Each structure stands twice: as structure tokens, then as C-alpha cells.
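Letter by letter, the chains look like this.
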Amino acid sequence: MSALLTLCVVLLPLATPGRGGRQWEPCTDLRPLDILAEAVPPNGAESGVSVSRVQGALGLQLSAAALHAMSFPASRIFVRCDLFPEEFSIVVTLKAPSLPPKKNEYLFTVVAEGPDALLLGLRYSPTRLHFLFLSEDRAGAWQTRVSFRSPALTDSQWHTLVLAVSEDSFSLTTDCGVPVDIMSDVPFPATLSVQGARFFVGSRRRTKGLFTGLVRQLVLLPGSDATARLCPCRSTDIVLSIPPILQGLTGRPEDNEVLKYPYETDMKVTLGPRPPCTKEEDAQFWFDARRRGLYLCVGSEWVSVLAAKEKLDYVEEHQRLFTNSETLGIEVFVIPEAGLFIATANRRARSAIYKWTDGRFASYQSIRTHQAQSWRHFTIGKKIFLAVANFDPNEKGQEFSVIYKWSQRKLRFRPYQRVATHSARDWEAFEVAGEHFLAVANHREAAWVPGDNHNIDSVIYKWNPRTRLFEANQTIATSGAYDWEFFTVGPYSFLVVANAFNGTSTRVLSHLYIWLVGSFQLFQSFPTCGAADWEVFRIGDRIFLAVANSHSYDVEMQMQNDSYVINSVIYELNVTAQTFVKFQEIPTCSALDWEFFSVGEDYFLVVANSFDGKTFSVNSIIYRWQGYEGFVAVHSLPTFGCRDWETFRTAAGSYLVYSSAKEPLSRVLKLRTG
């Protein structure tokens, strides 16, 4: 936007005795009264007011729709009496346009009731700055005009004018320079009543003379000549009070009043790949042509200002991640100042950690494990941990899983604590009432233990801040436990277990527990078939639980009822009934995992289909949320023995990664959006 006039006005009544020894009784407190803040409407877009940035300074621009919106009754600030101050200053900061000859624009006015009752105002023309006020005596009332030769305001730079008024003395100072004084034959009235009048910013209550520049500041301040208070200072820094919407872009869009207004700027917009967002780029824009989004640098983060609705178009392979052996579980996590990582739980003697480097995962650390099933990343204060669930015993026949701690010095995970486990399948880390817990899913006792060895206790461990170790806190009876999932609903904490096998059948109950009086207690039970995973997710204010059923098997009916193609189930919380009720059944092929994710305003579930009874080469499916229809299949992804899904996002976009329990190859897939 070129050749804009930005306005910043301050009125300062003089609190000192007037000439001739008269004492002025102030009608307002001796403090700045922000006229512009009073006039700014709560919703600028609807009221014809927009925000523009020129040479780093923000201002408001008015349209014809803002005539009445940018006004307020004088009684709002003149609460003690109805008289305008006899002595004051007016401060105007502006960036002037080039006006046609004989054209005038009003910077502000005070207008009384009546067809043409202007009490006072400030008007700008190509060659003059006019201060207008109403005078009266016994002969009647008339309008007085004090005119100053307009300083060089049309050089596309910011300028600040200070107009000081005291009886018959009028002084104009430009950019803290040498003041120009005028002695008028007609003094400013000592008793100018503003009863029933209104302040108008940028107009005289009509379209003719509407101010076409930018308004930045308009303040009424009881006091003397403001020049001594404001100078020396740069023109854009001469400020007494500025409305919050013009004080810069602090905070995020949802709590930033600026973004409630149409926004314009004369700054350049960066195109191409995501640039850095530092102090140098603060308040700069970046346009992402691929995603058709406009972003603003706020602090150190690019914040979306105008983003097209992101939609999932298709999925493509991004990386083939070759692993030490078949991968039974994956965990994606971020370590501050270190980067994005993925941990793979591998079947053989060593598992691995990979770091996201140059848009791909690269080998970072190798860790000895014993048929690892899963990893769990969690933090306690500034401590960063990674726990592995080992399924097999070590060479000495000892069964244990290991918690590793991140070393800030070596930038590697180091063994921290061993925990006795029994064919552990999963760890779940969570916090309740400020205390930290770890729950292990013990699948079975050692194979050589006689009898039914799947019905054993799983254990919840509690962090002891004194010993800085996890200690057994509660045991819960489980049947071939495969997975724990923790979640909260309001003030309540829940923990749900996926029970897979009781020694004779996969058709067993999986249980949901609620935290009450210092421990987890049974809340609800679900019929499941070889449950391998629970996934909790929210859509709006609705809460869902999805179970992955892997196998329907019963030793007494083995031949007739050995099926891998069975329904997995999504439950929804019924708040009134205080229970989860069945919402949707989805046919799956030995499902081992659910993963919930979103793209733009759309929600998705992807299932890990692993086996259909004949082959491990089965498609895993992405389902999209379609409201009343529930989840509907939208993408079919070829997978081989798919075991686990994870989702993550980088500056380059969103990704899915899946592990294979049947080949030493995991795949990273990129979500292409439009």
C-alpha cells in the first residue's frame, strides 16, 4: 500500500494556571485518555476497520462503513463535567498520502447534535493543517480556524506533529523540531460544552472528508505542552498510548486481537521452502505455495494466518527403513535440542534408534534387547527415558525389561533400571495427581512353567522421587496381556488392558480400570477376541476407544472357529450412562494396532492388518471419519505382516510409518495433501 497517511493523535489539557491567573478545573483525570482505544470497534472486519503495517509500524485504516463505528459519546471520558479542557496538546503521528488540490480530510472531530454542529476538529489538506473550534460571544457562535502551513508530510515517511493550545496561543512542532507559534485574535473557549456530543475518528460524521490514511494513536491527556514530554524521539516512537491491536503481534492467533481485523502490510512475502523464523524475520510472512498457506513469524515459530483447508489426497512411499530384524513395535519421539527419533523393537538380539536427518531416518544407536516387543518414551521433569519390553529371557534365563535414560553429555540412551517382567508386551507411562507411573503388560510366565501360564499379574510401578527408581505399586490380574492404554476424562484417570489369551481361548474380557482412592479399580469390561491394542481418541467433545481384535480361537472348537478375519470394535463414551457403548464394528484381518491421526479438519484411523489366515501380504486400511456414517475406508495400503503404525509431522509434512513382524523392513509413508 503506497502513500498512506497514518494518524496518531493525543490531546493534553493544561493543568497549570492559565494566563491572567485563571485556574482551570479539570473535567478528567490528569492521565492519558486513549481516544482511539475507546473508538476501536470489537470486530474490525465487520465494522470497516483493517490493520496495516507500514515500515514496521501498525495502524488502522477506515472505510465508509466505519463512520459511526469509529465514534463514541464524549460523556464516556468527560465524566466529571461537560466542558472540554481549556488548555491541551494534540499529538498526531502520520504517514501522509498525496491529496488532490483543495481536498481536505478530517483526522478527528467532536460533533454536537445538529445538522452541522462541529465543536472542534483537526483537518488536513495538501498545503495546510487546520485546527477548528467553535467560538461564541454575545453576538452568537461561529467557527474559528487556525491554519499552519503543512510541513513536508508526503515523503512516504512517518512524521509526528504536536499541536499545543493555550487560550490564544497555538504551537505546532513537527518531528521534535523547531515549533511554529501563532497568536490568534480569537482564543480557545474556556467553556466549550460537549454535552451530548460524540468523538469521531477519521471523519466528521459523514463520508465527505473521510480520512483515507492509517490511524495509530488518539489520546486526550490533561497537561501542558506535550513536546517536552515526548521529545527527543523517533517519529514512530513518539507514543503516549496505543490500542492493544496496534502494539505488535504478540502471542498466537487465537489470543491475538490483531488477527480479528483484515491485515495489510508493505513487507515482502518469502516464497519457497520454509525459511528460518528468528528475530530478523519477526513479523515477516512466508507463503507455502505447495500447501497454499500464509504464515507469520511470531517469536521463533511460523504461525498459520491464512491456510487453505488441508485434505489428504494420497499416500506415497517416502523411505524404506531396513532394520536389524523383524520389527514388532516402533516409537516416535522428540528430544528437545536433539531432534526427532524412532526406536524399533526388533525380534533378534539388537534393537535400534534412528534419527531424522535430512528428511530421512538414519541409524543412530544400537541397543541389546531380547526379542523386544515395544518401546515407550516418557519424561519425568527434565529426565528423558525410554523403556523396552523384552519378551524373552537373557542368556542366563533371567527375565527383565530395561529402562534407559538419555545422557545429555553423550547424547545417547544409557541403561538406568532393570525391571523383572514376564514376556512383556508393552509399557505405558502416565501421570496421576502429579505422580509418575509405568504399567507393564506381562503376557505369560516362562514357557517351561507348568500349567496355565497366561493368567498372571501385570504390574503398575510408581516413581520414587527419593530413590529415583520405579517401585511396584499395584498388581492387576491379566490374561495374555498385550497392551495398556491410559487416558483421562475430565478429572478422572483410566487404564484399559488388552487381554489376548487365557490359555484356552482368545475370547476373553478386556478390562477398563478407573483411578479411585490411590489405585485402579475395575470400571467396565469388554468382550474381545485376541485383543492386541487399544487406541483412545477424541473428535470434538466425543471420546472413543478402538480395540484391535487379532484372532478368534477356542481350543475346544479349534477346527470350526479358527478365524483371523474378524471384527474390531470402536466404542464411544456415553457420558449420561457413564459407560462405553459399541459405536461401530470394522472387519479386520488379525488386527494388531490402531493409530488415530488428523489432516486439516479430517480425522483418520489406520489399522495394522497382519494376516488373513492364508498370507501375511494383506492391505492395511485408512478410514476417514464421516460423522453419522462413522469411519469409512478411503485408502488401502499394501503391507506385509504389519505390526505397528505411528504418525509424526515435520516441517516438510505429515508421515506414517509401519513396522513388519515378518521382514526386516519398515516403511515411512508420506501423506500428500492438497
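Residues numbered from 1 in each chain as written. Predicted model: local features only at pLDDT ≥ 70, side-chain atom pairs only at ≥ 80, totals over all residues. Heavy atoms only, no water.

The name an unreviewed UniProt entry assigns to the chain is Thrombospondin type laminin G domain and EAR repeats, from the organism Phyllostomus discolor.

## Some details on the overall build of the chain
Within the chain one finds three helices and 48 strands. Within the chain, buried positions represent 55% of all 674 residues. Residue pairs in contact within the chain that sit at least 24 positions apart in sequence constitute 52% of those at least 6 positions apart. (Helix = DSSP H or I, 4+ residues; strand = E, 2+ residues; numbered from the N terminus. Buried < 20%, exposed > 50% of the residue type's maximum accessible area, 1.4 Å probe, protein only. Contact = heavy atoms within 4.5 Å.)

## Details of the sheet that holds strand S22 (residues 327-335)
Strand order in this open sheet of four strands is S22-S23-S24-S25, and the pairing throughout is antiparallel. Each of the sheet's edge strands pairs with one partner strand only, and the pair in question is S22 and strand S25 (360-368). Ignoring which end each strand starts from, the neighbouring axes of this sheet average 25° apart. By the bridge criterion, eight bridges tie strand S24 (residues 350-357) to S25 in an arrangement that is antiparallel. Bridge pairing in S25 links Thr-357 to Arg-360. (Pairing = 2+ DSSP bridges. Axes fitted to C-alpha atoms, helices over the stretch in contact; angles between N-to-C directions.)

## Observations concerning the sheet that holds strand S40 (residues 565-574)
Across the sheet, which stays open at both edges, the four strands sit in the order S38-S39-S40-S41 with antiparallel pairing between neighbours. Of all the strands in the sheet, just strand S38 (531-539) and strand S41 (579-589) have a single pairing partner and so form its edges. On average, each strand axis in the sheet is inclined to that of its neighbour by 20°, with strand direction left out of account. Note that strand S39 (residues 542-549) and S40 share four bridges and pair antiparallel. When the bridges of S40 are listed, Leu-545 appears paired with Tyr-571.

## Let's talk about the pattern of salt bridges
What the rule picks out here adds up to 15 salt bridges. In this structure, Glu-38 engages Arg-76 in a salt bridge whose closest nitrogen and oxygen atoms are separated by 3.3 Å. Separated by 38 residues along the polypeptide, Glu-38 in helix H1 (residues 35-39) and Arg-76 in the loop between strand S5 (71-73) and strand S6 (87-94) bring together distant segments of the chain. Residues Arg-672 and Glu-316 are paired through a salt bridge, measuring 2.6 Å at the closest nitrogen-oxygen approach. Of the two residues, Arg-672 is situated in strand S48 (residues 665-673) and Glu-316 in strand S21 (residues 312-322); the sequence distance between them amounts to 356 residues. A residue is classified by how much of its surface remains accessible, and Arg-672, at 24% relative accessible area, is partly exposed. Overall, Glu-316 belongs to the partly exposed group, its relative accessible area being 27%. If you follow the salt bridges from partner to partner, you end up with Glu-331, Arg-376, Asp-426 and Glu-428 in one network. (Salt bridge = Lys/Arg side-chain N within 4 Å of Asp/Glu carboxyl O.)

## Remarks on the side chain of Ser-659
Along the polypeptide, Ser-659 turns up in strand S47 (residues 653-660). Excluding anything up to four places from it in sequence, Ser-659 contacts Thr-327, Leu-328, Gly-329, Ile-330, Gly-641, Cys-642, Arg-643, Asp-644 and Ser-666.

## Focus on the packing of aromatic side chains
Under the criterion given, the structure shown has 60 aromatic pairs. Both rings, one in Trp-356 and one in Phe-361, keep their centres 4.8 Å apart while their planes meet at 75°; by these two values the pair is edge-to-face. Judged on exposure class, the residue Trp-356 and its partner Phe-361 are both buried. Positioned above the aromatic ring of Tyr-364 is the side chain of Arg-412, whose terminal nitrogen or guanidinium carbon lies 4.0 Å from the ring centre. Above the ring of Phe-400, the side-chain terminus of Arg-418 is found at 4.0 Å from the ring centroid. (Phe/Tyr/Trp six-rings, centres within 6.5 Å; stacked < 30°, edge-to-face > 60°. Lys NZ or Arg CZ within 6 Å of the ring centre and 35° of its normal.)

## A look at the pairing of strand S36 (residues 507-516)
The buried fraction of S36 is high, at seven of 10 residues. Here strand S35 (residues 492-499) pairs with S36 via three bridges, running antiparallel. Bridge pairing in S36 places Leu-495 opposite Tyr-513. Across 10 bridges, the pairing between S36 and strand S37 (residues 519-529) is antiparallel. Each residue of the ladder has a partner; that of Arg-507, found in S37, is Cys-529.

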